[in-house]
Structures are given as structure tokens and as C-alpha cells.
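The lines below spell out each chain.
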Amino acid sequence: MPRYAGIATFALLPQIHEVERADIAVVGIPFDSGTSFRPGARFGPAHIRENSRQLHPYHQIHETFLFEGRQVVDAGDFRVGPYDIEAAVASIEAQARALVEQDTAIVALGGDHTVALPLLRAAAAKHGPVAVLHFDAHLDTWDTLHGASIWHGSPFRRAAEEGLLDLEHCQHVGIRGGIYDPSELDDDREAGFQIIRSEEFQRRSVDDIAAQIRERLADCPVYISVDIDVLDPSHAPGTGTPEVAGISTREFFSVLRELRGLDVVGGDVVETLPAHDHAGITGLAAAHTAWELIALMKGPTG
Ligand code: MN
Ligand code: MN
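Described below are features of the structure shown in this document. (Residues numbered from 1 in each chain as written. Chains lettered and ligands numbered in written order. Predicted model: local features only at pLDDT ≥ 70, side-chain atom pairs only at ≥ 80, totals over all residues. Heavy atoms only, no water.)

### What to know about the environment of Leu293
Heads up, the rule is: The way it works is that DSSP assigns letters per residue, a run of H or I at least four long becomes a helix, a run of E at least two long becomes a strand, and they are numbered from the N terminus. Burial here depends on accessible area, computed with a 1.4 Å probe over protein chains only, as a share of the maximum for the residue type. Under 20% is buried, over 50% is exposed, and the range in between is partly exposed. Contact between two residues is taken to exist if any of their heavy atoms lie within 4.5 Å; hydrogens are not considered.
When you line up the elements, Leu293 lands in helix H9 (residues 281–296). Note on Leu293: relative accessible area 1%, which makes it buried. Put simply, Leu293 and Asp232 are 61 residues apart on the chain and 20 Å apart in space, counted from C-alpha to C-alpha. Other than its neighbours up to four places away in sequence, Leu293 contacts Val107, Ile224, Leu256, Gly267, Asp268 and Val269.

Rendered as C-alpha cells:
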């Protein structure tokens, strides 16, 4: 079958019901009711899958076959409605726990960044507090907005409050853009995060940045959360809250490819908004991101 034909599961992987058990499951979470600006990330999972057809099994840098010695599957989309955020988050958590309890690690395709909270609950239930490696233009450790405590700008604050994060080992990468008050940066430190700003990619080498990340994450269980708006809008126009002067896909993937050996237990790629995408630029970046996360995750064969 040519790669452009047939139903688009992620990377043309088998569906979960076609196998006996899964070590890693790619799941879509079509939920965007937590967004503060442009809506539409609910259509992200289907767009990312369609742009994942050209993902191949061999990783040239890691010199490994991604899908060898472990079962990687597409588990379809979580069932989640758009109207009640708290109910949706509880439902995502229950569906994520059902996978994690069967020793199936999750790589989630968002959806807006709200979905990271229930995914972190499931990851921490299995592994204890996790070190979060967070690629994003935005801090996402804010408190409430328009009276809501659960929205796409608060997942890591709520996670820190709930004891889901290892507060000595969390790391943001790519931060830039507007904040209302510098006290937001103090709150962010309290939530356990160090910051590598977008501007630092102009002055520092990729190796240097990757070394700082590795030192910070140490040998903790690591959850990697990627908001696609970490990329410059020229590299990811299809997103809900774009910010100028971001990093390039080459810088981003160069850093990711230096992180082999971390204990990555789960991850997500969120905030892909197909209605604002052009030529699949953002969908391709998101699909390749999920593929790189899978490459970093350990299977039964390590
Ligand atoms: Mn963001
Ligand atoms: Mn975000």
C-alpha cells in the first residue's frame, strides 16, 4: 500500500484493537474548550495523523528502529465532549489511567494544553511525581482566567499544586511573548520550573542547551509536553496563540535528538490548529514531534 493511501492512523501504525497489547499508544484528544484565543485545536488529532503518513520506522540519528522490539499503536481518539471542562478533564484522566495501568505509555495529540493536566495525573499515578520538560512560548503556570481554574494556561500550576511534578527538575524551553506582571515569573519558579528562553537559541549552541536540559532532568521519570507554538509562526502558523521570534524546527529537533537516554514515560503535542495551518507546515511539525517523542521512550528492549 502506498503511504498516501488507506486510513490515516498515526504513522500508519496498527490500531489498538488489532493487537494483543501495546507498549506505547498514540492517542488523539480532540478537546479545545480551555483555549483563551483562537479555537479549533479540537481538529488537531486528525490533521496530525494525515500529516504523519511520511513518518518512517528508522531513526538516522539514534540509529534505532522506532517500532521494533515493542508494540506501538494508534489508540484512536479519547471520547470527550466540548461543554463541561471539569467533566472533560475527568474523562481524559480516566481514559489515560486505563491505558497506563496496562503498562501502555501515552503520546497524546491535542487538543489544547488543558489536556496535559489529566495526562500528568495518569503519569504521576503510575510513576510518582514527574519531571516535566515543557516546550512552549508560554509559561502555562498561570492561575485563573475569566473565573476558570482549569484552562490551557494553567495545567502546570494545577499539576504542581496537586503534587504531580518533581519541583526540583522541571524545565521550560522556548519561553517568550507577553505577560501582565513579572510576579508571574515568581509564580512559575514556585511551580518548579527553570526557563530557557527562545532568545538563548541565538547565543548558545544546541549542545549547550541540551546539556542544561539533561542536567536539570537528571534520572527522573520525564514527561515531555510540547506546545507547537514553541516554534516560530513561520514554522508553525496553525496554532491558537502564536508568538513571534520563536525557535525553528531545526533548532527544536536538534535539541530533541540530543536527549536520548532520558527516562521518558509519556508526552503530548498540543495546540495544533488546522484552520490556520498552511500546506501542512504545522501538522508536519506536530507529527514529527510525536515521532521524536516515541523515539526517546524506552520500550521493553530499552
Ligand atoms: Mn503556548
Ligand atoms: Mn501551552
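### Some details on unusual backbone geometry
Residue Gly111 follows Gly110 across a cis peptide bond; omega there is 10°. We note that Ala218 has phi near 50°; this positive angle belongs to a residue other than glycine. Tracing the sequence through the fold places Ala218 in the loop between helix H7 (206–217) and strand S9 (221–227). Its relative accessible area of 36% is what places Ala218 among the partly exposed residues. If you check the backbone angles, Glu271 has positive phi at about 75° while not being a glycine.

### A closer look at the nonpolar core
What counts is decided by this rule: By convention a nonpolar core is built from buried Ala, Val, Leu, Ile, Met, Phe, Trp, Tyr and Cys residues, the set being connected through side-chain atoms within 4.5 Å.
Core analysis: the largest hydrophobic core is formed by 49 residues, its most contacted members being Phe10, Leu133, Phe135, Ile213 and Ile224. At the level of secondary structure, the elements contributing two or more residues to this core comprise strand S1 (24–29), strand S5 (105–110), strand S6 (131–135), H7, S9, helix H8 (249–256), strand S10 (263–270) and H9. With 9 residues, H9 is the largest single contributor of residues to this core. Other than its neighbours up to four places away in sequence, Leu133 contacts Gln171, Val173, Ile213, Leu217, Val222, Tyr223, Ile224, Ser225 and Leu259.

### Notes on the coordination of the manganese ion (ligand 1)
Stated formally: Water is not among the atoms examined, so metal sites may look incomplete; donors are the N, O and S atoms within 2.8 Å of the metal, or within 3.2 Å for Na, K and Ca.
For the manganese ion (ligand 1), the full set of protein donor atoms is Asp136 (OD), His138 (ND1), Asp227 (OD), Asp229 (OD) and Asp229 (OD), at a range of 2.0 to 2.6 Å. Sequence positions of the residues that donate to the manganese ion (ligand 1) give the spacing D-x1-H-x88-D-x1-D. A gap of 3.3 Å separates the manganese ion (ligand 1) and the manganese ion (ligand 2), which Asp136 links by coordinating each metal. Separated by 91 residues along the polypeptide, Asp136 in the loop between S6 and helix H4 (155–161) and Asp227 in strand S9 bring together distant segments of the chain.

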